[in-house]
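So the chains spell out like this:
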Amino acid sequence: MKDRSTLIIDGKALAAKIRGEVASECAALSGEGRRRPKLCVIIAGDNQASKVYVRNKRKACEDCGIDSVTVELGADVTREELFSVIDKMNSDCEVDGILVQLPLPGGIDEKEIILRISPDKDVDCFHPVNVGRVYTGDPVFLPCTPAGIIELLKFAGVEISGAKCVVVGRSNIVGKPVAALLLSENGTVTVAHSRTKDLKSVTSEADILIAAIGKAKFFTAEYVKPGAAVIDVGMDRDEEGKLCGDVDFDGVFGICGAITPVPGGVGPMTVAMLMKNTLKAYKLHEG
Ligand code: NAP
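Structure report, in brief. For clarity, every value in this text was computed on a predicted model and none was experimentally measured.

What characterises a pair of aromatic rings is the spacing of the ring centres plus the angle enclosed by the ring planes. Taken as a whole, this structure holds 4 aromatic pairs when the rule is applied. A centroid spacing of 5.0 Å and a plane angle of 70° characterise the contact between Phe218 and Phe219, whose relative ring orientation is edge-to-face. Here Phe219 falls in the buried class, since its relative accessible area comes to 0%. Directly above the ring of Phe83 sits Arg116, whose terminal nitrogen or CZ lies 4.1 Å from the centroid.

Structure below.
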(Lines give C-alpha, C1' and ligand atoms only; values in the text may rest on other atoms or scores of the structure.)
Protein backbone atom coordinates (compact mmCIF):
# COMPACT_ATOMS: atom_id res chain seq x y z
CA MET A 1 0.00 0.00 0.00
CA LYS A 2 1.34 3.44 -0.92
CA ASP A 3 0.94 5.21 2.38
CA ARG A 4 4.29 6.73 3.22
CA SER A 5 6.37 9.68 2.24
CA THR A 6 9.43 8.69 0.25
CA LEU A 7 12.61 10.71 0.34
CA ILE A 8 14.20 11.19 -3.07
CA ILE A 9 17.95 11.10 -2.45
CA ASP A 10 19.46 13.88 -4.52
CA GLY A 11 22.70 12.48 -5.91
CA LYS A 12 23.23 15.50 -8.11
CA ALA A 13 23.26 17.85 -5.12
CA LEU A 14 25.54 15.61 -3.05
CA ALA A 15 27.90 15.13 -6.00
CA ALA A 16 28.05 18.91 -6.51
CA LYS A 17 28.93 19.37 -2.84
CA ILE A 18 31.76 16.80 -3.03
CA ARG A 19 33.07 18.25 -6.28
CA GLY A 20 32.99 21.69 -4.66
CA GLU A 21 35.13 20.38 -1.78
CA VAL A 22 37.63 18.88 -4.22
CA ALA A 23 37.68 22.15 -6.20
CA SER A 24 38.42 24.18 -3.03
CA GLU A 25 41.34 21.91 -2.15
CA CYS A 26 42.69 22.12 -5.70
CA ALA A 27 42.34 25.93 -5.67
CA ALA A 28 44.25 26.08 -2.39
CA LEU A 29 47.05 23.99 -3.92
CA SER A 30 47.45 26.22 -6.94
CA GLY A 31 47.33 29.23 -4.58
CA GLU A 32 50.46 27.77 -3.02
CA GLY A 33 52.05 27.63 -6.48
CA ARG A 34 52.01 23.83 -6.62
CA ARG A 35 51.20 21.76 -9.69
CA ARG A 36 47.60 20.68 -10.25
CA PRO A 37 46.42 17.07 -9.92
CA LYS A 38 46.22 15.28 -13.27
CA LEU A 39 44.01 12.45 -14.56
CA CYS A 40 44.67 10.44 -17.71
CA VAL A 41 41.66 8.77 -19.32
CA ILE A 42 42.27 6.13 -21.98
CA ILE A 43 39.42 5.22 -24.31
CA ALA A 44 39.49 2.73 -27.17
CA GLY A 45 36.88 2.14 -29.84
CA ASP A 46 33.58 3.77 -30.71
CA ASN A 47 31.27 2.89 -27.83
CA GLN A 48 28.95 5.90 -27.70
CA ALA A 49 28.06 5.49 -24.01
CA SER A 50 31.77 5.34 -23.14
CA LYS A 51 32.35 8.57 -25.06
CA VAL A 52 29.64 10.30 -23.00
CA TYR A 53 31.14 8.99 -19.73
CA VAL A 54 34.60 10.20 -20.75
CA ARG A 55 33.23 13.63 -21.68
CA ASN A 56 31.52 13.88 -18.28
CA LYS A 57 34.76 12.97 -16.50
CA ARG A 58 36.72 15.56 -18.48
CA LYS A 59 34.13 18.22 -17.63
CA ALA A 60 34.23 17.26 -13.93
CA CYS A 61 38.03 17.60 -13.97
CA GLU A 62 37.74 21.09 -15.49
CA ASP A 63 35.21 22.12 -12.84
CA CYS A 64 37.41 20.81 -10.02
CA GLY A 65 40.69 22.31 -11.23
CA ILE A 66 42.15 18.92 -12.12
CA ASP A 67 44.15 18.68 -15.35
CA SER A 68 43.02 15.92 -17.65
CA VAL A 69 44.39 14.23 -20.71
CA THR A 70 42.33 11.89 -22.86
CA VAL A 71 44.10 9.31 -24.99
CA GLU A 72 41.77 8.13 -27.77
CA LEU A 73 42.64 4.87 -29.48
CA GLY A 74 40.96 3.04 -32.36
CA ALA A 75 38.79 -0.06 -32.12
CA ASP A 76 41.69 -2.03 -33.65
CA VAL A 77 44.07 -1.16 -30.80
CA THR A 78 46.32 -4.01 -29.65
CA ARG A 79 47.15 -4.99 -26.08
CA GLU A 80 50.79 -3.95 -26.73
CA GLU A 81 49.68 -0.46 -27.77
CA LEU A 82 47.55 -0.16 -24.64
CA PHE A 83 50.43 -1.41 -22.50
CA SER A 84 52.71 1.18 -24.05
CA VAL A 85 50.29 4.08 -23.29
CA ILE A 86 49.77 2.85 -19.72
CA ASP A 87 53.53 2.41 -19.18
CA LYS A 88 54.12 5.97 -20.36
CA MET A 89 51.48 7.32 -17.96
CA ASN A 90 52.75 5.13 -15.11
CA SER A 91 56.20 6.69 -15.42
CA ASP A 92 54.99 10.29 -15.90
CA CYS A 93 55.36 11.83 -12.46
CA GLU A 94 52.86 14.57 -13.32
CA VAL A 95 50.06 12.04 -13.93
CA ASP A 96 48.31 11.10 -10.68
CA GLY A 97 45.44 8.94 -11.90
CA ILE A 98 45.01 6.58 -14.85
CA LEU A 99 41.65 5.28 -15.92
CA VAL A 100 40.92 2.91 -18.78
CA GLN A 101 37.31 3.33 -19.88
CA LEU A 102 35.59 -0.05 -20.08
CA PRO A 103 34.44 -1.96 -22.04
CA LEU A 104 37.48 -2.37 -24.27
CA PRO A 105 37.10 -3.59 -27.86
CA GLY A 106 36.59 -7.35 -28.16
CA GLY A 107 39.63 -9.57 -27.95
CA ILE A 108 41.45 -7.49 -25.35
CA ASP A 109 41.71 -9.00 -21.89
CA GLU A 110 40.53 -6.22 -19.58
CA LYS A 111 42.04 -7.90 -16.50
CA GLU A 112 45.47 -7.84 -18.09
CA ILE A 113 45.10 -4.14 -18.92
CA ILE A 114 43.97 -3.23 -15.40
CA LEU A 115 46.93 -5.15 -13.95
CA ARG A 116 49.29 -2.96 -15.97
CA ILE A 117 48.14 0.25 -14.20
CA SER A 118 50.36 1.19 -11.31
CA PRO A 119 48.24 0.62 -8.15
CA ASP A 120 49.11 4.08 -6.82
CA LYS A 121 47.48 5.61 -9.96
CA ASP A 122 44.50 3.24 -10.07
CA VAL A 123 41.81 5.82 -9.29
CA ASP A 124 39.01 3.47 -10.43
CA CYS A 125 40.15 1.04 -7.71
CA PHE A 126 40.00 -1.94 -10.08
CA HIS A 127 43.56 -3.26 -9.60
CA PRO A 128 43.60 -6.44 -7.45
CA VAL A 129 45.99 -4.77 -4.99
CA ASN A 130 43.47 -2.00 -4.33
CA VAL A 131 40.50 -4.38 -4.39
CA GLY A 132 42.29 -6.53 -1.79
CA ARG A 133 42.94 -3.51 0.40
CA VAL A 134 39.22 -2.68 0.36
CA TYR A 135 38.41 -6.22 1.50
CA THR A 136 41.01 -6.24 4.26
CA GLY A 137 39.75 -2.91 5.57
CA ASP A 138 42.89 -0.97 4.68
CA PRO A 139 41.91 0.89 1.51
CA VAL A 140 43.99 3.47 -0.35
CA PHE A 141 41.30 4.26 -2.89
CA LEU A 142 37.61 3.44 -2.61
CA PRO A 143 35.78 2.05 -5.65
CA CYS A 144 33.87 5.00 -7.14
CA THR A 145 30.31 3.74 -7.62
CA PRO A 146 30.22 1.72 -4.36
CA ALA A 147 31.75 4.57 -2.35
CA GLY A 148 29.19 6.93 -3.91
CA ILE A 149 26.42 4.59 -2.75
CA ILE A 150 27.68 4.65 0.85
CA GLU A 151 27.84 8.46 0.74
CA LEU A 152 24.26 8.61 -0.59
CA LEU A 153 22.98 6.42 2.26
CA LYS A 154 24.76 8.54 4.86
CA PHE A 155 23.53 11.76 3.24
CA ALA A 156 19.96 10.44 3.48
CA GLY A 157 20.48 9.60 7.16
CA VAL A 158 20.09 5.86 6.58
CA GLU A 159 21.66 3.79 9.36
CA ILE A 160 23.80 1.06 7.78
CA SER A 161 25.11 -0.48 10.98
CA GLY A 162 22.94 -3.48 11.88
CA ALA A 163 20.72 -3.05 8.82
CA LYS A 164 19.80 -5.95 6.56
CA CYS A 165 21.40 -5.02 3.25
CA VAL A 166 20.61 -6.91 0.07
CA VAL A 167 22.79 -6.27 -2.97
CA VAL A 168 21.39 -7.67 -6.21
CA GLY A 169 24.20 -8.12 -8.75
CA ARG A 170 27.71 -9.47 -8.16
CA SER A 171 29.88 -7.68 -10.70
CA ASN A 172 33.43 -6.66 -9.82
CA ILE A 173 32.55 -3.02 -10.49
CA VAL A 174 29.39 -2.67 -8.41
CA GLY A 175 27.90 -5.68 -6.62
CA LYS A 176 30.93 -7.26 -4.93
CA PRO A 177 32.67 -4.04 -3.83
CA VAL A 178 29.48 -2.40 -2.55
CA ALA A 179 28.82 -5.53 -0.49
CA ALA A 180 32.34 -5.20 0.97
CA LEU A 181 31.80 -1.53 1.85
CA LEU A 182 28.40 -2.20 3.44
CA LEU A 183 30.04 -4.92 5.53
CA SER A 184 32.77 -2.46 6.59
CA GLU A 185 29.94 -0.19 7.74
CA ASN A 186 28.59 -3.07 9.86
CA GLY A 187 25.63 -3.93 7.66
CA THR A 188 24.41 -7.53 7.52
CA VAL A 189 24.92 -8.22 3.86
CA THR A 190 23.35 -10.66 1.41
CA VAL A 191 24.47 -10.74 -2.22
CA ALA A 192 21.88 -12.02 -4.69
CA HIS A 193 22.36 -12.76 -8.40
CA SER A 194 20.76 -14.46 -11.38
CA ARG A 195 20.87 -17.90 -9.71
CA THR A 196 19.27 -16.72 -6.47
CA LYS A 197 16.08 -18.65 -5.73
CA ASP A 198 12.94 -16.70 -4.90
CA LEU A 199 14.59 -13.30 -5.23
CA LYS A 200 11.45 -11.47 -4.07
CA SER A 201 11.54 -13.15 -0.69
CA VAL A 202 15.20 -12.16 -0.28
CA THR A 203 14.84 -8.52 -1.33
CA SER A 204 11.61 -7.94 0.54
CA GLU A 205 13.51 -8.52 3.81
CA ALA A 206 15.99 -5.73 3.02
CA ASP A 207 16.22 -2.51 5.02
CA ILE A 208 18.66 -1.37 2.34
CA LEU A 209 18.24 -2.64 -1.21
CA ILE A 210 20.96 -2.06 -3.79
CA ALA A 211 19.71 -2.81 -7.29
CA ALA A 212 22.56 -3.40 -9.75
CA ILE A 213 21.50 -5.86 -12.44
CA GLY A 214 21.12 -3.76 -15.59
CA LYS A 215 17.44 -4.64 -16.23
CA ALA A 216 15.06 -1.72 -16.78
CA LYS A 217 12.42 -1.26 -14.04
CA PHE A 218 12.87 -4.88 -12.86
CA PHE A 219 12.30 -4.20 -9.15
CA THR A 220 8.59 -3.59 -8.72
CA ALA A 221 6.77 -2.96 -5.43
CA GLU A 222 6.65 -6.68 -4.50
CA TYR A 223 10.46 -6.73 -4.23
CA VAL A 224 10.61 -3.89 -1.74
CA LYS A 225 10.04 -3.84 2.02
CA PRO A 226 7.90 -0.87 3.14
CA GLY A 227 10.18 1.84 4.49
CA ALA A 228 13.36 0.42 2.90
CA ALA A 229 16.10 2.59 1.44
CA VAL A 230 16.47 1.73 -2.25
CA ILE A 231 19.60 2.58 -4.21
CA ASP A 232 19.13 2.19 -7.94
CA VAL A 233 22.46 1.69 -9.70
CA GLY A 234 20.99 0.68 -13.06
CA MET A 235 21.49 2.79 -16.15
CA ASP A 236 19.05 1.28 -18.55
CA ARG A 237 16.65 2.30 -21.33
CA ASP A 238 12.89 1.86 -21.12
CA GLU A 239 10.60 0.86 -24.01
CA GLU A 240 10.71 4.44 -25.28
CA GLY A 241 14.49 4.59 -25.14
CA LYS A 242 14.45 6.89 -22.10
CA LEU A 243 17.14 6.53 -19.44
CA CYS A 244 15.83 4.66 -16.38
CA GLY A 245 17.06 2.46 -13.58
CA ASP A 246 16.64 -1.14 -12.45
CA VAL A 247 13.82 -0.05 -10.12
CA ASP A 248 10.25 0.76 -11.13
CA PHE A 249 10.48 4.19 -9.53
CA ASP A 250 6.78 5.09 -9.80
CA GLY A 251 5.74 1.65 -8.56
CA VAL A 252 7.84 1.75 -5.37
CA PHE A 253 7.45 5.46 -4.61
CA GLY A 254 5.20 5.79 -1.57
CA ILE A 255 6.26 2.33 -0.34
CA CYS A 256 10.00 2.63 0.23
CA GLY A 257 11.36 5.17 2.70
CA ALA A 258 14.02 6.61 0.40
CA ILE A 259 15.11 6.11 -3.19
CA THR A 260 17.72 7.39 -5.62
CA PRO A 261 16.34 8.59 -8.97
CA VAL A 262 17.78 7.72 -12.39
CA PRO A 263 19.14 10.01 -13.67
CA GLY A 264 20.38 12.13 -10.76
CA GLY A 265 21.19 9.45 -8.18
CA VAL A 266 24.20 7.15 -8.29
CA GLY A 267 25.58 8.32 -11.67
CA PRO A 268 26.80 11.79 -10.61
CA MET A 269 28.28 10.30 -7.42
CA THR A 270 30.50 7.93 -9.41
CA VAL A 271 32.17 10.88 -11.12
CA ALA A 272 32.44 12.88 -7.87
CA MET A 273 34.20 9.96 -6.16
CA LEU A 274 36.59 9.71 -9.09
CA MET A 275 37.55 13.34 -8.52
CA LYS A 276 38.11 12.55 -4.84
CA ASN A 277 40.32 9.58 -5.71
CA THR A 278 42.37 11.67 -8.15
CA LEU A 279 43.02 14.25 -5.45
CA LYS A 280 43.93 11.44 -3.05
CA ALA A 281 46.41 10.02 -5.60
CA TYR A 282 47.92 13.49 -6.02
CA LYS A 283 48.39 13.79 -2.26
CA LEU A 284 50.06 10.37 -2.17
CA HIS A 285 52.45 11.39 -4.94
CA GLU A 286 53.21 14.80 -3.49
CA GLY A 287 53.67 13.41 -0.01
P1 NAP B 1 26.90 -6.71 -14.93
O2 NAP B 1 28.38 -6.86 -14.90
O3 NAP B 1 26.16 -7.04 -16.18
O4 NAP B 1 26.30 -7.60 -13.74
C5 NAP B 1 24.93 -7.77 -13.60
C6 NAP B 1 24.67 -8.60 -12.38
O7 NAP B 1 23.27 -8.70 -12.20
C8 NAP B 1 25.23 -10.02 -12.44
O9 NAP B 1 25.83 -10.36 -11.23
C10 NAP B 1 23.98 -10.88 -12.70
O11 NAP B 1 24.03 -12.15 -12.08
C12 NAP B 1 22.90 -10.05 -12.01
N13 NAP B 1 21.59 -10.27 -12.63
C14 NAP B 1 21.25 -10.11 -13.92
N15 NAP B 1 19.95 -10.41 -14.09
C16 NAP B 1 19.47 -10.75 -12.88
C17 NAP B 1 18.18 -11.15 -12.40
N18 NAP B 1 17.14 -11.26 -13.22
N19 NAP B 1 18.06 -11.42 -11.09
C20 NAP B 1 19.10 -11.31 -10.24
N21 NAP B 1 20.33 -10.93 -10.63
C22 NAP B 1 20.51 -10.65 -11.93
O23 NAP B 1 26.45 -5.24 -14.54
P24 NAP B 1 27.17 -4.07 -13.71
O25 NAP B 1 28.37 -3.61 -14.44
O26 NAP B 1 27.28 -4.44 -12.28
O27 NAP B 1 26.05 -2.94 -13.85
C28 NAP B 1 24.75 -3.10 -13.35
C29 NAP B 1 23.94 -1.88 -13.73
O30 NAP B 1 24.52 -0.74 -13.11
C31 NAP B 1 23.93 -1.57 -15.23
O32 NAP B 1 22.68 -1.00 -15.57
C33 NAP B 1 25.01 -0.53 -15.38
O34 NAP B 1 24.81 0.32 -16.49
C35 NAP B 1 24.85 0.24 -14.09
N36 NAP B 1 26.05 0.95 -13.62
C37 NAP B 1 25.88 2.23 -13.23
C38 NAP B 1 26.95 2.95 -12.74
C39 NAP B 1 26.73 4.35 -12.31
O40 NAP B 1 27.69 5.07 -12.11
N41 NAP B 1 25.48 4.76 -12.12
C42 NAP B 1 28.20 2.35 -12.64
C43 NAP B 1 28.35 1.02 -13.02
C44 NAP B 1 27.25 0.31 -13.50
P45 NAP B 1 25.08 -13.29 -12.51
O46 NAP B 1 26.39 -12.88 -11.89
O47 NAP B 1 24.52 -14.52 -11.90
O48 NAP B 1 25.12 -13.30 -14.00
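So, about the sheet that holds strand 4 (residues 97–100). To summarise the sheet geometry, strands pair through backbone hydrogen bonds and adopt either a parallel or an antiparallel arrangement. The 3 strands are arranged 3-2-4 in an open sheet whose pairing can be described as parallel. Of all the strands in the sheet, just strand 3 (67–73) and strand 4 have a single pairing partner and so form its edges. Direction aside, neighbouring strands of the sheet carry axes that sit 15° apart on average. For strand 2 (residues 38–44) and strand 4, the ladder comprises 4 bridges, and the chain directions are parallel. Of the residues in strand 4, the one forming a bridge with Cys40 is Ile98. Together, strand 2, strand 3 and strand 4 form the strand contacts of helix 2 (residues 48–64), whose direction differs from that of strand 2 by roughly 170°.

A separate point is helix 10 (residues 266–286). In this model helix 10 runs 30 Å from its N-terminal to its C-terminal C-alpha over 21 residues, within 8% of the 30 Å that 1.5 Å per residue would give. Listed as buried for helix 10 are Val266, Met269, Val271, Ala272, Met273, Leu274, Met275, Asn277, Thr278, Leu279, Ala281 and Tyr282. In this structure, the buried side of helix 10 is in contact with helix 1 (11–31), strand 2, helix 2, strand 4, helix 6 (144–155) and strand 8 (229–232). Phi turns positive, to about 70°, at Gly287, one or two residues after helix 10.

On to the pairing of strand 7 (residues 208–211). Of the two faces of strand 7, the one carrying Ile208 and Ile210 and the one carrying Leu209 and Ala211 are both buried. With 4 bridges connecting them, strand 5 (residues 164–168) and strand 7 associate as parallel partners. Counterpart to Val166 in the pairing with strand 7 is Leu209.

On to empty space enclosed by the protein, then. Taken as a whole and assessed by the stated rule, the structure comprises 1 cavity of 30 Å³ or more. Considered as a void within the structure, the largest cavity measures approximately 30 Å³ in volume. Every residue along the wall of the largest cavity is listed here: Ile98, Leu99, Val100, Leu102, Ile114, Ile117, Asp122, Asp124 and Phe126. Here the lining of the largest cavity gets 3 residues from one element, more than from any other, and that element is strand 4. When its residues are assigned to classes, the lining of the largest cavity shows 7 nonpolar, no polar and 2 charged.

Secondary-structure assignment places Asp46 in the loop between strand 2 and helix 2. Looking at Asp46, the relative accessible area reads 55%, which means it is exposed. Each C-alpha atom, one on Asp46 and one on Asp207, is 40 Å from the other, the two residues being 161 residues apart in sequence. Within the structure, the side chain of Asp46 is placed 3.3 Å from the side chain of Lys51, a separation counted as a polar contact.

Right, let's get into the site of the ligand. Neighbouring residues of the ligand: 21 residues in total, closest Arg170, Ser171, Ser194, Lys215 and Thr270. Within the contact set of the ligand, an oxygen atom lies 2.5 Å away from a side-chain nitrogen or oxygen of Ser171. Here an oxygen atom of the ligand sits 2.5 Å away from a polar atom, N or O, in the side chain of Ser194. Protein contact buries 71% of the 930 Å² of open area that the ligand shows by itself. Looking at which element gives the most residues to the shell around the ligand, the answer is helix 10, with 3 residues. For the shell around the ligand, a count of residues per class yields 9 nonpolar, 9 polar and 3 charged.

The rules behind these values
Residues numbered from 1 in each chain as written. Predicted model: local features only at pLDDT ≥ 70, side-chain atom pairs only at ≥ 80, totals over all residues. Heavy atoms only, no water. Phe/Tyr/Trp six-rings, centres within 6.5 Å; stacked < 30°, edge-to-face > 60°. Buried < 20%, exposed > 50% of the residue type's maximum accessible area, 1.4 Å probe, protein only. Lys NZ or Arg CZ within 6 Å of the ring centre and 35° of its normal. Pairing = 2+ DSSP bridges. Helix = DSSP H or I, 4+ residues; strand = E, 2+ residues; numbered from the N terminus. Axes fitted to C-alpha atoms, helices over the stretch in contact; angles between N-to-C directions. Contact = heavy atoms within 4.5 Å. Expected span 1.5 Å × (residues − 1). 1 Å grid on protein atoms, 1.4 Å probe; cavity = no way out; pocket = protein on both sides within 12 Å on 5 of 7 lines; lining within 4 Å. Points joined across faces, edges and corners; volume = space filled by probe spheres on them. Nonpolar A, V, L, I, M, F, W, Y, C, P; charged D, E, K, R; others polar. Polar contact = N/O pair within 3.5 Å; in protein donor to acceptor, adjacent residues only side chain to side chain. Near = heavy atom within 4 Å. Areas by Shrake-Rupley, 256 points an atom, 1.4 Å probe, with all protein chains shown as cover.

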